[in-house]
Number of protein chains: 2
Amino acid sequence: MSIEQIAANKSFGGWQNRFKHTASSLNCEMNFSIYLPPQVEDGIKVPVLYFLSGLTCNDENFAQKAAAQRIAAELGIAIVTPDTSPRGDGVTDDKDAAYDLGLGAGFYVNATQQPWAKHYQMYDYIVGELPKLIEQNFPVTDKKSISGHSMGGHGALSIGLKNPQDYASISAFSPICNPINCPWGQKAFENYLGADKTTWQAYDASRLIAIAEHKLPMMVELGLDDQFLEEQLGIDAFISAAKQNQYDVNIAQHKGYDHSYFFIASFIEAHLRFHAKYLA
Amino acid sequence: MSIEQIAANKSFGGWQNRFKHTASSLNCEMNFSIYLPPQVEDGIKVPVLYFLSGLTCNDENFAQKAAAQRIAAELGIAIVTPDTSPRGDGVTDDKDAAYDLGLGAGFYVNATQQPWAKHYQMYDYIVGELPKLIEQNFPVTDKKSISGHSMGGHGALSIGLKNPQDYASISAFSPICNPINCPWGQKAFENYLGADKTTWQAYDASRLIAIAEHKLPMMVELGLDDQFLEEQLGIDAFISAAKQNQYDVNIAQHKGYDHSYFFIASFIEAHLRFHAKYLA
């Protein structure tokens with residue numbers, strides 16, 4: 001599993017790096033970004049936060065816009081930001097190049113339907129292949145947490161809830177909490193998973209939190225002026241499912257904030273300090 | 001002088017806003033961004049930092065990538081980020097659309113040559129029209145400081161040195177300090193100002209600091225792995241001219257850092273705290 005460095009920028013005493021590699025789970029070449037805090041230059045192994053981005057993003061948006069490096073440098077946490085779908089000329093895109101299906105919109109599931117199944121195996125990539133690659137190639141411990149935004153918030157909640165043994169804590173900004181009941185999720189799941197809706201439930205955070213036994217620490221950040229809050233995010237179903245299962249989720253709601261990276265940047269510090277408690 | 005809002009994102013309790021207006025000095029429509037810290041919602045008028053961006057940027061790069069809002073919110077400073085050239089279909093661009101001439105490359109001068117002179121009057125826009133517009137439309141005091149990056153560092157140094165009565169302090173990241181002696185500056189000045197090099201000196205920071213009488217507080221941040229340091233920035237000429245005139249400039253040099261916004265984000269806090277001392 002070889003990786004090739006394609007960018008390196010010093011940032012807050014550490015390095016914001018970018019690599020490419022051939023992803024066997026996705027059958028294509030992928031880029032990822034990784035922030036390595038200054039502690040690694042002293043020979044210290046650091047824990048990792050995986051941050052999954054939203055629709056239309058790639059591995060660079062969070063690195064450039066979330067202002068997370070200052071706090072990651074202070075806390076000694078590496079941050080890995082994967083791309084949001086398989087990529088490359090050979091990878092199927094939506095026939096109309098819609099922003100919410102195909103490239104940039106992998107939805108962190110394993111597609112079972114054609115023409116998607118060959119490449120769109122983002123769940124396996126994030127849960128299995130990528131962390132293994134990171135642990136083989138960087139000075140990191142095996143402690144990891146997961147966070148994400150919007151579609152990536154759905155990814156972080158669903159992956160964290162399905163694999164509690166792998167993560168120390170879970171968080172999300174503006175997550176799609178109940179994809180089986182919103183337009184974005186229904187479109188993606190129908191394409192990637194097919195018409196049988198029973199297969200969709202395995203990736204629905206509101207279903208997963210209702211049956212979770214191992215209750216990882218979890219926080220969710222919401223902007224109350226988020227333009228997608230009502231139609232797409234499904235937070236009420238999520239809160240009610242969590243309550244039913246006595247899963248204590250710290251949900252913070254903020255007046256005036258929207259769905260943008262300006263919102264993420266305003267509250268990323270609280271999330272990094274939250275994860276640091278459990279990654280120690 | 002009317003302005004029209006085109007975006008607003010809540011950020012660290014304040015607002016990252018974007019406006020458009022018709023710029024009479026530039027004969028075109030322009031966008032600018034302004035961060036208004038939370039203090040203005042309590043009816044407090046705040047001072048303003050003008051931040052001039054570099055080649056290829058527009059008014060949004062600094063707002064999205066420099067991570068300045070957290071500190072501006074704490075200190076109660078508004079930050080105005082103008083575009084880097086006149087814009088629009090009617091505005092002359094370089095015939096080969098080079099990144100270092102024409103659109104995105106106004107160099108903060110008043111062009112005297114054709115076909116540039118009609119629109120490329122960025123010096124007048126930044127010194128005169130824009131601050132007047134800001135003071136008429138936003139809850140700001142008349143206290144202002146100026147900073148910038150690369151081509152915008154040249155803009156901040158030259159404009160600040162030429163107009164010490166207008167600013168409280170000056171700073172720059174990776175500035176083009178001696179444009180009359182580097183490829184970027186020579187190409188721009190020859191096009192915008194013509195072949196007579198005596199006219200170039202009025203915009204050269206190393207010339208201007210040699211004759212400055214009113215010595216404003218000034219700091220300059222440099223990355224020692226900046227890929228443009230040797231060929232384009234001309235810091236040695238600037239340091240020697242400042243020394244000759246006994247102008248005390250705080251120049252900080254950092255190993256490993258490059259020319260990118262990751263460098264700016266790492267050190268913007270020190271610049272905002274520096275300006276805040278003189279804007280109080």
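For the structure itself, consult the block above.
Read on for an overview of the structure. Numbering of residues starts from 1 in every chain and runs along the sequence as written. Ligands are numbered from 1 and chains lettered from A, in the order in which they are written. Only residues with pLDDT of at least 70 are given local features in this predicted model, and only at 80 or more are side-chain atom pairs given and counted; all residues enter the totals for whole chains, interfaces and linings. Hydrogens and water are ignored here; the side-chain numbers use all heavy atoms of the structure.

Another point: the overall build of chain A. Under the scheme used here, helices are H or I runs from DSSP no shorter than 4 residues and strands are E runs no shorter than 2 residues, and both carry numbers assigned from the N terminus. Along chain A, the regular secondary structure elements total 9 helices and 9 strands. We take the radius of gyration over the C-alpha atoms and set the globule estimate at 2.2 Å times the residue count to the 0.38 power. At 17 Å, chain A has a C-alpha radius of gyration in line with the 19 Å of a compact globule built from 280 residues. Counting only C-alpha atoms and orienting by the principal axes, one finds that chain A spans roughly 50 × 40 × 35 Å. Per-residue burial for chain A yields a buried fraction of 62% across its 280 residues. Contacts in chain A between residues far apart in sequence, at least 24 positions, make up 72% of those at least 6 positions apart. Each accessible area value is a Shrake-Rupley result obtained with a 1.4 Å probe; residue values ignore everything except the protein chains displayed when judging cover. Surface summary for chain A: the accessible area is close to 10,600 Å², and the carbon and sulfur share equals 47%. Charged-residue counts in this description rest on Lys and Arg as positive and Asp and Glu as negative, His and the chain ends being excluded. A charged residue contributes its charge at one atom only: NZ of Lys, CZ of Arg, CG of Asp or CD of Glu. Within chain A, one finds 21 positive and 31 negative side-chain charges whose respective centroids are separated by 3 Å. For every residue, the accessible area (1.4 Å probe, protein chains only) is compared with the maximum for its type, and the residue is labelled buried under 20%, exposed over 50%, or partly exposed between those bounds. Contact definition: two residues touch when any of their heavy atoms are within 4.5 Å.

Copies overlap after least-squares fitting; the atoms used are the C-alpha atoms of residues with pLDDT of at least 70 in both. Its rotation angle being 180°, the transformation that places chain A on chain B also includes 0.0 Å of axial translation and leaves an RMSD of 0.0 Å. Each copy turns onto its partner about a two-fold axis. Mapped onto chain B, 100% of the interface residues of chain A again fall at the interface, so both copies present the same surface.

Quick look at the interface of chain A and chain B now. Counting from both sides, the interface comprises 24 residues of chain A and, opposite them, 24 residues of chain B. Two parts placed together each lose some accessible area under a 1.4 Å probe, and adding up what both lose gives the buried area. Here chain A packs against chain B, burying approximately 1,800 Å² in sum over the two surfaces, 55% of which is carbon and sulfur. Three residues, Lys10, Gln64 and Phe262 of chain A, lead the burial of chain A against chain B; their summed loss comes to 34% of the area buried on that side. For this document, the term salt bridge refers to a Lys or Arg side-chain nitrogen within 4 Å of an Asp or Glu carboxyl oxygen. Scanning the region where chain A abuts chain B turns up 0 salt bridges. Within 3.5 Å is the distance limit for a polar contact, defined as a pair of N or O atoms, with the added protein rule that one can donate a hydrogen and the other accept it, and that residues adjacent in sequence qualify only through two side-chain atoms. Put simply, chain A and chain B have 10 residue pairs in polar contact (both at pLDDT 80 or more) between them. Counting only elements with at least two residues in the side of chain A that touches chain B, the list comes to strand E1 (3-11), strand E2 (14-23), helix H1 (61-65), helix H2 (69-75) and helix H9 (261-279) of chain A. Here the element with the most residues in the side of chain A that touches chain B is H9 of chain A; it accounts for 5 residues.

Residues and elements named next belong to chain A. Given a rise of 1.5 Å per residue, 12 residues ought to cover 16 Å, and the 16 Å separating the end C-alpha atoms of helix H4 (residues 151-162) matches this to within 8%. With 11 of its 12 residues buried, H4 lies for the most part within the structure. All buried positions along H4 are accounted for by Met151, Gly152, Gly153, His154, Gly155, Ala156, Leu157, Ser158, Ile159, Gly160 and Leu161. To estimate how far a helix should reach, multiply one less than its number of residues by 1.5 Å.

Here we come to the pattern of salt bridges. Inspection of the entire model under this criterion finds 20 salt bridges over all chains. Salt-bridge contacts for Glu29 of chain B lead to Lys20 of chain B; the nearest nitrogen and oxygen are separated by 4.0 Å. Overall, the relative accessible area of 45% leaves Glu29 of chain B in the partly exposed class. Taking relative accessible area as the criterion, Lys20 of chain B reaches 24% and is therefore assigned partly exposed. Residues Lys187 of chain B and Asp100 of chain B are paired through a salt bridge, measuring 2.7 Å at the closest nitrogen-oxygen approach. With Lys187 of chain B in helix H5 (residues 183-193) and Asp100 of chain B in the loop between strand E5 (78-82) and helix H3 (122-137), this pair connects stretches of sequence that are 87 residues apart. For Lys187 of chain B, a relative accessible area of 31% corresponds to the partly exposed category. Residues joined in a network through salt bridges with shared partners are Arg70, Glu74, Glu269 and Arg273 of chain A.

What follows covers the side chain of Asn245 of chain B. All names here are of chain B. Tracing the backbone through its elements, the reader meets Asn245 in the loop between helix H8 (235-244) and strand E9 (250-254). Of the residues examined, Asn245 reaches a relative accessible area of 16% and is grouped as buried. Setting aside anything within four residues of it in sequence, one finds Asn245 in contact with Ile209, Ala210, Ile211, Ala212 and Lys215.

This next bit is on the environment of Thr198 of chain A. Residues and elements named next belong to chain A. Along the chain, Thr198 turns up in the loop between helix H5 (183-193) and helix H6 (205-211). Thr198 sits 18 residues away from Ile180 along the chain, and the two C-alpha atoms are 9.8 Å apart. Looking at Thr198, its side chain comes within polar contact range of the side chain of Asp196, at 2.6 Å.

Attention shifts here to helix H8 (residues 235-244) of chain A. The periodicity of an α-helix, 3.6 residues per turn, causes residues three or four positions apart to be oriented the same way. Residue and element names in this part refer to chain A. Listed in full, the buried residues belonging to H8 are Ile235, Phe238, Ala241 and Ala242. In an axial view of H8, the angular spread of the buried residues amounts to 130°, which keeps them on one side of the axis. With respect to the buried face of H8, the exposed residues turned more than 90 degrees away are Asp236, Lys243 and Gln244. Packing partners of the buried residues in H8 comprise H4, H6, strand E8 (218-223), helix H7 (229-233) and strand E9 (250-254). Directions from the helix axis toward the C-beta atoms define the arc.

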